[in-house]
Each structure stands twice: as C-alpha cells, then as structure tokens.
Amino acid sequence: MSVRTLRRFVPLLVLLVAPATMSAQSVRGTVLDRADRPLAGVVVTLLDSAQREVTRVLTSETGEYRFVVASPGGYQLRALRIGFQPVQSPVVRVDAGATVTVPLVLDGIRVQLTGMRVVAQNSCGRRVANGNDEVLQAWDQATGSLATVALRSTRGLSVTSLLVRRELDAPGKRVRAQQSSIRTANTVDPWRSTSIEILRERGYVWIDVGDTVTYNAPGLDVMLSSRFVDDHCLGLAVSRDSSEIAVSFEPTPERRRRSEVRGTLWLSRATAELRRMEFEFVNVPETPERTSGPKAGGCMSFTRLPDGAVLITNWDIVMPQLVRSSRPGSMARVASVVTAGGRILSIRRGNEALYSSPKVELRGSVRDSISNREVAGAIVELAGTGMRTATDRNGNFSLDDVLPGAYTLVARTPALDSIGASDIMPVLVAEGEPQVAMRVTTPERWIAAQCGAGALADSAGQQRGAVAGRLRTGSDTTGLREVAVFADWTEFAGNAANATVLRASGQRLETRTERDGSFRLCGVPVGVALSVSATPSRGRAEPASVRLTGDRRLAIVSIPVDVTRAAVATLDGIVVADSATPVRDAEISIPALALSARSDSAGRFRIANVTPGAHEVVVRRVGFAVVAASVTFAPNTVVERRVALRPLTLLDSVAVRSTRLDPMMSEFEANRRIGIGTFVTRDMLARDGERQLGSILSQLPGVRLARGQANRAWIMSTRSNGSIFEARIAPSKSDVMNGASAGCYAKVVVDNVLVYGGSGGEPLFDANSITADRVEAIEYYAGAAQTPARYAGLGASCGVVVIYTRR
C-alpha cells in the first residue's frame, strides 16, 4: 500500500487585488508621525467590538488607508510599523451610510527587543498572555513583517526566481533527481495554504482514502490569523546569533491530538525586522518518528528593500514520501524525500534594481571515479558563461562572482580529451549549497568498472571497447528511461587478402537507458563503423556514427531526441528457406514508402525510418515465390519478422539465339524471371495483328482503356469500377476537354523515363501515341505487392506500365 505525498507548494503566486465591494459605510484616514508627516507601509488593522480582527490594509505612499465596513457598529483601529509600538484608537462608532475619518499618529516609541530575556514561561493564546507581554510584543513585530509581505502590492515589480525540486534518498543525503528553472513574475507568497478554519478542523497533515498524505504549509494569512495565536503557545527561544531574538510557537495541549505545526521566527534585536521562519509538522498519525534525516516542514527567509518593503527571498518545503507494507497494523516508512523551494535572484521596478542576490563562489574538487585520486590540471567550466578554471595539484577549483542559478558543470581531462569527450554534471549555485564533488574517469578504467575486464577483448583476443552516452530532450531527460539503444555493425569473415571469399554478417548489441537517460554498450568491436540508435517512446532520435580504435576504445555520444518530429519505426528480420537456411540477397521492400533493403549472408535485414501504420511488406528472391504481408508499425518500435521463402519449380533451360541483348532489356528479363506481373515480349507483339498499342494493353489482366476524342486511349486500372481501393486522379484541363474524367489512371514509364506520374492536373499518357511496331516489350504491375522496389516510389494503387521501345 503506497502513501503518496501531495504538495500544497506553489512556486510563484501572483497577488490578485480584488476590487473593493461597494458599501454604504466606510472608515478612512491617514497615519502620521509626531511631525505630521505621512507614513507609508504601516499595517492598519480593523477590530470589531469583541477585539476580533476584521481585516487589514497597508498605508499608501501618502499614508492613507481605507476600510469598507460591512455593517454599522463600534470598531477600533490598530496601527503597527515594524520596530515601533502598536497604536490603537478608541472605539469609533460607524453609522449606516456614514464615512468616518480617523487619523492615527505613531509617536515613535520603539520596541525594546534588545533588553528582552529568554524565559521559561510561554504564552498560550493571546487571551492568557497578560503576564507575558514581551512575548506578544515580539510576536506582533514578526507578524507585522508578515503582514507587510502579504499586503504590499507587487504591481510593477519584476521578480526573477530560481525554483528547484529535488528527490533525495530516505536519509535525505543523496540526490536522486533534480529539476530547476528560472522564472520571472510578480511574486508574493511561495506557497498557498488552506484556510485557517479548515486547518483547525482537519489539521495540517491529512491522510485520505488510498493512504494519500497531504502536507499543508502555513501560508502568510494563516500565520497572521488571531486563531493561529489561539491555537499555539508562544515563547522566547535562544538564538545562536546574539543580534537576533527567537519567537517560538507550538500547539497548545488542546491541539496535540491533531496534526499541527511548530516552529520559530527570528527577529533582529536592533530593528525588530523578521529575518527568517522555520516550521515542522508534528502530531502526524500513523507516520514514523524520524531520528535522522530531514523532517517534514519548511522555512522562509526575508529581506527588507531600500523602500521599506519586506519580501520573501528564500523558501523551502520538505515532504517525506511514505510507503506502507502490506502487513496489517504496520507503520509507514520513509521511501524518499522531496524538497521544493526557491530563491529570489533579482527584483526590479522598470530599469531600477531594487534587489540582487549576492554573487557567490563555486568551489569543488575533481577526482578519478575509480581510484578517488585528485585530478590535477583538469579544465572546469560553467557551460554557456565563459567562466573556466583549472584544478590545482590537489584537484580543487573555485570560480568567483557567479550569479546564483542552475548550471551545467563541464570537466575535461587529458584522458577525456583523448576520446573527444568530457564529464558533465548539473550544479546549483546558491548561498549555502555544498561544495561540488565531481568524478571523472579514464577510458580503460571506465570500461573495466562499468562492463568488466572481459569487455576489453573477446574470446579470440580481438580488441573490444564500449560506447556510453545519454539521450536528451533539450536539458530534460525525464521520460527517457528504459529506452532501447542499439549498436549495429557489419563483421566480415574469411580471407582478407581475397575479397571474393569474405562473408559479411550484420551484428547488433542492445541495451536500455537508465532513469536519467544514460546508457552503455559494452563489448563493441574496434576498427569497424558502428551505428548507435535509439527508439524513445515519443519523438525521433537520429542515429550516431562511431568508430573505435586501438587507442580510443571508449566513445561518449549524446543522442538528441526531437519531440517535434514524427516518430518512426524499424523493421528487423531474417529471410530463410526451408525454415532454417539463410537466404542472401533477397529484396525486402515497403512499396508504399519507397523503402527497401537486401538481406546479408546471414539472411538478416533492416529497414529504418518506417512511418507508423499498417504497410505491405514484400519479399522477393529469384527462385522463390514472392511473399507479401501487411505489417503494423507502432511509433518508435522495432518490429522483428522471420520470413520463410518457398522455392519455385524452375523450367528447363531454353536455348536462345541472339547476338546481343539490349542492356535496358536485361532488367526486363530479370523482372520476367521473378514472374510477378504481366509481360509482353517482342514476339508476342509481332504475332498480334493490331497496330494500336492501346488495344494490345486492354487485353492485359487488370487493365481497361478510357477512350477520348481523336482516338485517344488512356490506361486505367479495373479498380476504377468503384471499389474501396479506388484512387481517383483528376486529369488536366486539356484532357477533360477531350473527354477524360477523374479515374484510376496507371503510372507510365517509357525507357526508364516517367511520362505520367499520376499527380492531379498532369496530362495523361495516350497509349495510341506509340505504335506497336515501335515497342520491344511491356511490363504491367497491377498493385503494390507486384511492383518492384525500383518503381514502388511511384505509388502503385492504379498500376504501373513499363514500356521498352525498339532500338
């Protein structure tokens, strides 16, 4: 039984400011300092008669605020500016339809966080906190910063953020997969939480039907709610930084039976500004208590801009992925850990830069992946930036002044240069990221480690090598796992000094990609041309050509997968006779696609780039009956077929008296020997008294003539009688004027020249334009199964007529 984790994490949330609801009464005013100067960025809260928060706003640049009041009654206003004591107005009576103006003055009394002491007593809910005002003072300052973040409009701001999602192992130490992207938008809140009412009722972690676990991170609105304070005990905690004071929160005893959150907010003692917040999920039922590794929770970091705005600059949320065994009563265990978060790289208002993440130093080391020894003199660079350096004698390197972001780190060593390759790895450059540890290898050690020592030579002592690489769709490799990758080559056996006795045979080695799209083919031969190809589930991967040598026995290739191109299939197979004997030099064709191949000495053949769908495959060999069958090709698949040919009974030899055979007629005789189609020889034409070629052609099976004015005769297929196979062709305007209509007209080739190709509007071929005494021979093929590969590209649905004239 699996337990899946659904995240409430939203990378970027655009603040939508709804238009104010028109009402009959309102409260408005201006917040001033003691010198009567308007104050911007002050959090003004509207309280009802029971001191409950109704709503809050942020004062404008002129210090103004305005509330629309839903119903008449008594209200109070509370103004808070970070670093100063809150000011609360007397009760204001708001009558129906009235607009009440209430000016507020902040007297400049600062909050004394510097003198606060950490005490053991906590404040559990605002209603019982009268004896511990310092805790609530610190909490008010923290929530004041949160309110500024939540209320300040980001209209006009361009915020560029780096978003990162990682999957780690169960202890949370090793990264299994990572995705990163950079986006620009108006950013306010890194995650969106459920309302406080639902969280109070259901808790912060839900286990639903099907053991689906949902983590609900507390959003800004939840943290600012007075009900959040009612549900939690507040206290002052110890901070390692003497310039900070920490305010902790944890669920009250009444909430310990529901899944809850506890955490800490850190404030500056000098300015009372909120610096960061951390939280974790507690009281989660049926989940294991983690003694090591990251716990479910999250964190935020805050920065105050020069104009006084407080924004979130860093955020992360940690979500353990849980699974449960099938044993009844068993507790779930952590299978992996997913983290999702982001960092603000820059904030701009027009051309004005308001914030820029500080540049950081990228440090790391390069070591041999087999021996773990330091690699000195390796060239390390960040792809696409022009930033590069070399490792020192201890294998260490550093790159200064790198903008935070996601990059590809490339390492080149003399050994890798010798094979024309490099090692690459994705890196995240940001403050606090661990030092990069890159592993590179030598070709021979790589082969021995990945393939075994036996991959360097075969049983006969012949040198072997390996091909490694990765399939890529842009920078993404998702969806490229378990893809079949092939290495194909031709091997020759026999006496190399006498090419006539060499025997060629096609060879293939197959593997499948790992989850990151990488693959390796071990034991491929040295000194022969290799074709490395792949069949992904979508898109098309072009094959790569590789040739290994004695001093270059490892090749690293990158095979791009173009998802915008239509997928193709491959036909692989073997042609045999008597169910076992390989048949060499058989012609295998797909006439509809004009694709063909010939079998090698082992009877093997391969046709690539087959358009998906059902196609007729035709196999021919002199002395054997033709085999034709419909084969269905799925996208990006390899279809394997074993074709068994049946020998034909050969006629006794016939003595032919001839002094010279026209070279063009040799092709006619070869096609005639195969016996597929209809053939008319010179002798047959001479016996026919008819001198018009059209009348002779009309006697052939599958042919009928369409006759027009001036004794014109156009060759058609009998398929034009309305069958479902009819391929209607529109003739040219001149032929229409002479009586032609749309129909299934045969293609015509005269002396190896296509005189009618069957395209719409093309002039038809008049069979009576050639007299019979000028014709040496005729071939007619009624359909694709009969048509030789040479003419298959013409399209044979209406037949093909091949005419040889006399010399």
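Everything numeric in this text was worked out from a predicted model, so none of it was measured. (Residues numbered from 1 in each chain as written. Predicted model: local features only at pLDDT ≥ 70, side-chain atom pairs only at ≥ 80, totals over all residues. Heavy atoms only, no water.)

A. Quick look at the packing of aromatic side chains. Within the structure shown, the criterion is met by nine aromatic pairs. Judged by centre distance (6.2 Å) and plane angle (10 degrees), the rings of W139 and F228 are stacked. Residue W139 is located in helix α1 (residues 133-151), and its partner F228 is located in helix α4 (residues 226-230); the two are separated by 89 residues in the primary sequence. Since its relative accessible area comes to 2%, W139 is described here as buried. F228 gets classed as buried once you look at its relative accessible area, which sits at 0%. Their ring planes at 90 degrees and their centres at 5.7 Å tell us that F279 and F281 sit as a pair that is edge-to-face. F281 shares its class with F279; the two are buried. (Phe/Tyr/Trp six-rings, centres within 6.5 Å; stacked < 30°, edge-to-face > 60°. Helix = DSSP H or I, 4+ residues; strand = E, 2+ residues; numbered from the N terminus. Buried < 20%, exposed > 50% of the residue type's maximum accessible area, 1.4 Å probe, protein only.)

B. The arrangement of the nonpolar core in detail. Counting 65 residues, the largest nonpolar core has W139, F249, L265, F281, F302 and I347 as the members making the most contacts within it. The biggest single contributor to this core is α1, with nine residues. Excluding anything up to four places from it in sequence, L265 contacts W139, A142, L146, M223, I245, A246, V247, F249, L274, R276 and M277. (Core = buried A, V, L, I, M, F, W, Y, C linked by side-chain atoms within 4.5 Å. Contact = heavy atoms within 4.5 Å.)

C. Broad picture of the state of the cysteines. Within this structure, the stated rule accounts for two disulfides. The residue that forms a disulfide with C451 is C522, at a sulfur-sulfur distance of 1.8 Å. One disulfide, between C451 and C522, carries an S-S torsion of -60 degrees and so falls in the left-handed class. Here C451, found in helix α6 (residues 443-451), pairs with C522, found in strand β35 (residues 518-525); they are 71 residues apart in sequence, far enough to count as distant. Judged by relative accessible area, C522 falls into the partly exposed class, the value being 26%. C744 shares a disulfide with C798; S-S distance 1.8 Å. Its torsion about the S-S bond being -100 degrees, the disulfide of C744 and C798 is classed as left-handed. Here C744 is found in the loop between α10 (733-737) and β51 (747-750), whereas its partner C798 is found in the loop between α11 (789-792) and β54 (800-805), with 54 residues between them in sequence. (Disulfide = S-S within 2.5 Å.)

D. Representation of unusual backbone geometry in the model. In this model, D36 sits at a positive phi of 65 degrees, which is unusual for a non-glycine residue. Classification of D36 by relative accessible area gives exposed; the value is 58%. We note that N283 has phi near 60 degrees; this positive angle belongs to a residue other than glycine. When you line up the elements, N283 lands in the loop between β20 (274-282) and β21 (297-304). Among the residues examined, N283 registers a relative accessible area of 30% and is labelled partly exposed.

E. Main features of the sheet that holds strand β31 (residues 436-440). Taken together, the three strands give an open sheet; going across it, the order is β28-β25-β31, and neighbouring strands pair in mixed fashion. Because the sheet does not close on itself, it has two edges, and the strands there are β28 (396-402) and β31. Taking each pair of neighbouring strands and ignoring which way they run, the sheet shows an average axis angle of 25 degrees. Across five bridges, the pairing between strand β25 (residues 360-368) and β28 is antiparallel. Pairing of L362 across the sheet is with L399, part of β28. (Pairing = 2+ DSSP bridges. Axes fitted to C-alpha atoms, helices over the stretch in contact; angles between N-to-C directions.)

F. Geometry of the confidence of the model for the chain. Averaged over all residues, the pLDDT of the chain is 79; the fraction at 70 or higher stands at 82%. Per-residue pLDDT stays below 50 along residues 127-132; that stretch engages in seven contacts with residues further than four places along the chain or on separate chains. Confidence drops under a pLDDT of 50 for residues 496-502, and excluding neighbours within four residues, the segment shows eight contacts in the predicted structure. (pLDDT = per-residue confidence, 0-100.)

G. Quick look at the environment of Y804. Structurally, Y804 is set in strand β54. A relative accessible area of 1% means that Y804 is categorised as buried. The spacing of Y804 and M665 is 139 residues in sequence and 7.7 Å in space, taken between C-alpha atoms. Among the polar contacts listed, one links the side chain of Y804 to the side chain of E779, at a separation of 2.7 Å. (Polar contact = N/O pair within 3.5 Å; in protein donor to acceptor, adjacent residues only side chain to side chain.)

H. Region of the structure containing the sheet that holds strand β43 (residues 595-598). One open sheet accounts for four strands, arranged β43-β42-β45-β46; its pairing is antiparallel. With one partner strand each, in any of the chains shown, β43 and β46 (627-633) form the two edges of the open sheet. With strand direction ignored, the average angle separating the axes of adjacent strands in the sheet is 20 degrees. Direction of pairing for strand β42 (residues 587-590) relative to β43: antiparallel, over a ladder of four bridges.

I. Molecular detail of the pairing of strand β26 (residues 379-382). The sheet contact formed by β26 and strand β29 (residues 405-412) spans four bridges and is antiparallel. Across the sheet, the residue bridging to L382 is L409, located in β29. Bridging between β26 and strand β27 (residues 387-390) involves four bridges; their strand directions are antiparallel. Bridge assignment links I379 to a residue of β27, and that residue is A390. Where β26 folds back on β27, the antiparallel hairpin that results is connected by four residues, among which G384 adopts a positive phi of roughly 85 degrees.

J. Quick look at the pattern of salt bridges. Scanning the model with the defined rule gives 24 salt bridges in all. Across the pair E260 and R255 runs a salt bridge, and its minimum N-O distance is 2.9 Å. The two residues E260 and R255 agree in class, both being buried. In this structure, E381 engages R412 in a salt bridge whose closest nitrogen and oxygen atoms are separated by 2.5 Å. Highlighted residues: E381 in strand β26 and R412 in strand β29, separated in sequence by 31 residues. Relative accessible area serves as the criterion here: at 32%, R412 is assigned to the partly exposed category. (Salt bridge = Lys/Arg side-chain N within 4 Å of Asp/Glu carboxyl O.)

K. Here's a closer look at the environment of P582. Here P582 shows up in strand β41 (residues 581-582). Separated by 62 residues in the primary sequence, P582 and A644 place their C-alpha atoms 9.2 Å from one another. Residues within four places of P582 in sequence aside, it is in contact with V575, V576, S601, A602 and G603.

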